[in-house]
Amino acid sequence: MMPKLLLILKHLWLDRSDAERAIPPEVLARVTQRVTASEKRHSGEIRICVEAALPLSYLWRINRAKPLQQVIRERALALFGKLGVWDTEHNNGVLIYVLLAEHAIEIVADRGLNIHASDKHWKAVMARMSSTFRELRYEDGLTQALEETSALLMQHFALPPSDTAANPNELPDAPLLL
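Residues numbered from 1 in each chain as written. Predicted model: local features only at pLDDT ≥ 70, side-chain atom pairs only at ≥ 80, totals over all residues. Heavy atoms only, no water.

Along the backbone of the protein chain there are 8 helices and 4 strands. Listed by position from the N terminus, the elements making up the protein chain come as α-α-α-β-α-α-β-β-α-α-α-β. Whereas a compact globule of 178 residues would reach a radius of gyration of roughly 16 Å, the protein chain reaches 16 Å, a difference of no more than 12%. In terms of principal-axis extent, the alpha carbons of the protein chain reach across some 55 × 35 × 25 Å. Here the protein chain holds 178 residues, and 49% of them are scored as buried. Put simply, of all contacts in the protein chain between residues at least 6 apart along the chain, 71% involve residues at least 24 apart. If you sum the accessible surface of the protein chain, you get close to 9,100 Å²; carbon and sulfur atoms cover 58% of it. (Helix = DSSP H or I, 4+ residues; strand = E, 2+ residues; numbered from the N terminus. Rg over C-alpha atoms; globule rule 2.2 N^0.38 Å. Buried < 20%, exposed > 50% of the residue type's maximum accessible area, 1.4 Å probe, protein only. Contact = heavy atoms within 4.5 Å. Areas by Shrake-Rupley, 256 points an atom, 1.4 Å probe, with all protein chains shown as cover.)

This is the structure we're talking about:
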């Protein structure tokens, strides 16, 4: 494990501009369009958040009893709540969280969708994303995760083509860069 001071310095070194370099405006626009298109086919809501580094308040929590991966999961869960992903009408919101500083990915699904997907399923999606991210192909990794999440939502929450007007967009479609 990296000494805590070095870990903190690494996270202080990165900021939103690093997230913007990983997900430039043209990629952001294409991913936004893909989320919009996906959500027209099902009642779920997909929110993507790419964060360059953890806030200092989260870094202080890391210790032997609470390892880095657990703190990253806590951050994803906090954003899941803060961004309102948990508050969708059908409880089928999904947060795809990417932490660039640690090359970490977390997927948090609300209870309405989680009854249809195992931890094993989400870990497999995250593993495939991670593989493309290692090659710095962030758009491909996000697209792949989005498509897999959309397929699951279509399987369990598909909308009839005539029902798309009755499906309000409850969350912003554009990925959030922090």
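For the coordinates displayed, the defined rule picks out 1 aromatic pair. Lying across the ring of Y58, R61 places its NZ or CZ 4.0 Å from the centre. (Phe/Tyr/Trp six-rings, centres within 6.5 Å; stacked < 30°, edge-to-face > 60°. Lys NZ or Arg CZ within 6 Å of the ring centre and 35° of its normal.)

A few words on a nonpolar patch on the surface. A grouping of L5, L6, L9, L12, L56 and W60 is seen on the molecular surface, where their side chains present a nonpolar patch of about 640 Å² in accessible area. Here the nonpolar patch takes 4 residues from helix α1 (residues 4–13), the largest share from any one element. With respect to the helices and strands, L12 occurs in helix α1. Residue L12 is classed as exposed on the basis of its relative accessible area, which comes to 54%. (Patch = residues over 30% accessible without salt bridge, like charges linked within 9 Å, V, L, I, M, F, W, Y side chains within 5 Å. Salt bridge = Lys/Arg side-chain N within 4 Å of Asp/Glu carboxyl O.)

The next subject is the pairing of strand β3 (residues 104–109). The side chains of a regular strand alternate, first on one face of the sheet and then on the other. Counting buried positions along β3 gives 6 out of 6 residues, so the element sits mostly inside the fold. Neither face of β3 is exposed, since A104, E106 and V108 on one face and I105, I107 and A109 on the opposite face are all buried. Where strand β2 (residues 93–99) lies against β3, 6 bridges are found, and the strand directions are antiparallel. Counterpart to V98 in the pairing with β3 is I105. Where β2 folds back onto β3 in an antiparallel hairpin, the turn is made up of 4 residues, including H103, whose phi is positive at roughly 50°. (Pairing = 2+ DSSP bridges.)

What follows deals with the packing of helix α3 (residues 25–39) against helix α8 (residues 138–157). At a minimum axis distance of 11 Å, the contact between α3 and α8 shows a crossing angle of 5°. For the element pair α3 / α8, the angle class is roughly parallel. Of the residues in α8, those touching α3 at V27, R30, V31, R34, V35 and S38 are E139, T143, L146 and S150. Among the residues making up the contact of α3 with α8, the classes are represented as 4 nonpolar, 3 polar and 3 charged. (Axes fitted to C-alpha atoms, helices over the stretch in contact; angles between N-to-C directions. Parallel < 35°, antiparallel > 145°, perpendicular 65-115°, else oblique. Nonpolar A, V, L, I, M, F, W, Y, C, P; charged D, E, K, R; others polar.)

Tracing the backbone through its elements, the reader meets S150 in helix α8. Within polar-contact distance, the side chain of S150 engages the side chain of S38 at 2.4 Å. The contact partners of S150, leaving out residues within four places of it in the chain, are S38, R41, H42 and I46. (Polar contact = N/O pair within 3.5 Å; in protein donor to acceptor, adjacent residues only side chain to side chain.)

This brings us to the pattern of salt bridges. Applying the stated criterion across every chain, the model contains 13 salt bridges. One salt bridge connects D18 with R21, and the closest N-O pair in it is separated by 2.5 Å. Taken together, the residues D18 and R21, both in helix α2 (residues 16–22) and 3 residues apart, mark about one turn of the helix. On the accessibility criterion, D18 (18% relative accessible area) is buried. Across the pair R111 and D110 runs a salt bridge whose closest N-O atoms are separated by 3.5 Å. On the basis of relative accessible area, R111 is assigned to the exposed category, the value being 54%. One salt-bridge network, in which partners are shared between bridges, spans R30, R34 and E139.

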